[in-house]
Amino acid sequence: MMLNNSDWYDLARETNWTPTYVEEADLFPREISDPYDIPVTEWEKFDEPYKVTYRDYVRTQREKDVGAYSIKSALDRVSFYKSADPGWKALLQLHFGAIPFVEYGSVSAFARMTRFGRGPGMRNMASFGTLDEIRHTQIQMFFGYEFLSVDRAFDWAHKAPNTDNWVVISERHTFDDVEHTRDAVSAAIMTNFSFEQGFTNLQFIALSADAKRNGDHSFSAMLQTVQSDEARHAQIGEPLLEIMIENGKLAEAQRLVDISFWRVWKQFSALSGVGMDYYTPLAKREHSLKEFVEEFVCQQFSRNLKALGLDKPWYWDEHFLPDIETYHHAQHLGMYLYRKTGWWNPVAGVGPAEREWLEKKYPGWNETFGEVWDVITESILSGQLDKTEPSVLPMICNMSGLELSGVPGKKWNVKSHFVDLDGRRYHFGSAVDKWIFELEPSRYRSHKSLVDRFVSGVIPQGDDAVYEYMGMAPEERGRCAEDFAWAEAFRNRKVA
Ligand SMILES: [Fe+2]
Ligand SMILES: [Fe+2]
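Residues numbered from 1 in each chain as written. Chains lettered and ligands numbered in written order. Predicted model: local features only at pLDDT ≥ 70, side-chain atom pairs only at ≥ 80, totals over all residues.

Draft legend 1. The overall build of the protein, seen in detail. Each helix and strand counted, the protein has 23 helices and two strands in total. Relative to a compact globule of 496 residues, whose C-alpha radius of gyration would be 23 Å, the protein shows 23 Å and is just as compact. The C-alpha extent of the protein, read off along each of the three principal axes, is 80 × 60 × 40 Å. Here the protein holds 496 residues, and the buried ones make up 44% of them. Excluding contacts between residues fewer than 6 apart, the proportion of contacts in the protein whose partners are at least 24 apart in sequence is 79%. (Helix = DSSP H or I, 4+ residues; strand = E, 2+ residues; numbered from the N terminus. Rg over C-alpha atoms; globule rule 2.2 N^0.38 Å. Buried ≥ 20, exposed ≤ 12 C-beta atoms within 10 Å, placed from the backbone. Contact = placed C-beta atoms within 7 Å.)

Draft legend 2. Looking closely at the pairing of strand 2 (residues 424–428). By the bridge criterion, five bridges tie strand 1 (residues 417–421) to strand 2 in an arrangement that is antiparallel. Paired with Asp420 across the strands is Arg425, a residue of strand 2. Counted between consecutive antiparallel strands, the loop separating strand 1 from strand 2 contains two residues, among which Asp422 sits at a positive phi close to 50°. (Pairing = 2+ DSSP bridges.)

Draft legend 3. Expanded view of the environment of Phe437. Note on placement: Phe437 falls in helix 20 (residues 431–439). Taking the number of C-beta atoms within 10 Å as the measure of exposure, Phe437 has 22 and is therefore buried. The spatial distance from the C-alpha of Phe437 to the C-alpha of Tyr426 is 9.3 Å, given a sequence separation of eleven residues. With sequence-adjacent residues up to four places away left out, Phe437 is seen in contact with Asn398, Met399, Val419, Tyr426, Phe428 and Tyr444.

Draft legend 4. Representation of the environment of Asp76 within the structure. Structurally, Asp76 can be placed in the loop between helix 5 (54–74) and helix 6 (77–82). Separated by 371 residues in sequence, Asp76 and His447 have C-alpha atoms that sit 44 Å apart.

Draft legend 5. Highlighting the nonpolar core. Core analysis: the biggest nonpolar cluster contains 115 residues, and Met113, Ala188, Ile189, Met222, Ile236 and Leu240 have the highest contact counts within it. Among the elements that take part in this core, helix 15 (residues 250–279) stands out by supplying 15 residues, more than any other. When near neighbours in sequence (up to four residues on either side) are disregarded, Met222 contacts Ala68, Ile139 and Phe143. (Core = buried A, V, L, I, M, F, W, Y, C linked by C-beta atoms within 7 Å.)

Draft legend 6. Quick peek at unusual backbone geometry. In this structure, Asp37 is a non-glycine residue whose phi angle is positive, near 55°. For Asp37, the location among the structural elements is in the loop between helix 3 (30–33) and helix 4 (40–43). Not every positive phi belongs to a glycine, and Asp422 is a case in point at roughly 50°. Relative to the helices and strands, Asp422 resides in the loop between strand 1 and strand 2.

Given below as structure tokens:
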């Protein structure tokens, strides 16, 4: 007779045996297992919110892969890509260079939870998470590589993590902090709760909807299979938070959330925000970044925080909400102007109809970001293309690794945030980035941004040196995907 899963499940994952060859403390070192000193009997209360057996897991994952790979093989992806809108191409180039290596990094984060988590239930869920992240890496590498014959940018799916490109440095700094350099509990809260539960819906559900509307069915299917895994393994975070709070560690839990939420927000805003509001062709946009964030983050994630007894991060009203309306617009400007430093070919995404949409979704866009685009548009129309490329390096935030930015035009609001420490000045893009640094300077102080490396001589002088340092051959450097043709729509009319 077959037993029901529920008859044996709890017993089978009771794996907190008593070690006899080594000390418990050697098997689970405090600094990597649990620096909060919560009794193991408490961690043993971790009850998986999502119970799955290995056999069922493998069967479901196999079905997901079969589904996504068969849609892919049924469709001629290469000819789809060739005829795709330049904006959608830019989004795919950016996605495949920026995401697979973060997925690969997550394999190691989950493996650490699997090995050093104190609760058997946590370790069990994290084992599946490790396998999930291997699959996410493989499927995205494979789907990206398909386009290699038509565009060199897709080489970055594999190459990116081995370079010191500034976008890659920025991502690495963030995810090393959140996923890879903390104990198993802190890393799990930051990764599973803040990053995955907070933000991956944006990347995978929202982008998948946009992909579908753009006729990119295999990309859409691939993203959906990834998100269905996220929805399961992201649930590791909540029981951990509950255990911490029940054991008097509310302040510590809140701090972990506050740090990681901001760090991950900056990445999503700059990368996904630009993809959604500028690269996705206007006719196929489902929602603006702001609308997606309002639904998935402001509503869903804040409900999750409240249900656990946590507060919204302290900077929510003052810094996060205004950032939703502004940060990615500024980052898009920077990425378009410094396009040679990216591996993808950006579109400007600011033709007359797009500007109308931006003004509608972000009232005030025209008199702020729009004014900078007016100048760029005029430079292009008067043939002064050199003016569309800055000749100096931007200031980079010593926390996010992204350009220091503000709101241009009538709402100019740039403030200087810096810390002086042992003869070095660290600049930050916001009060929150500075706050994170000051919480633990020893964690961050030795990091050098790309610009610090330039100034301190790590990168030699010379026109090409910075590109060579970033691993970017001349053919790999981004250029305007439309060769500035977008500006022609403004030739016989006054720029709005
Ligand atoms: Fe993943
Ligand atoms: Fe994940």
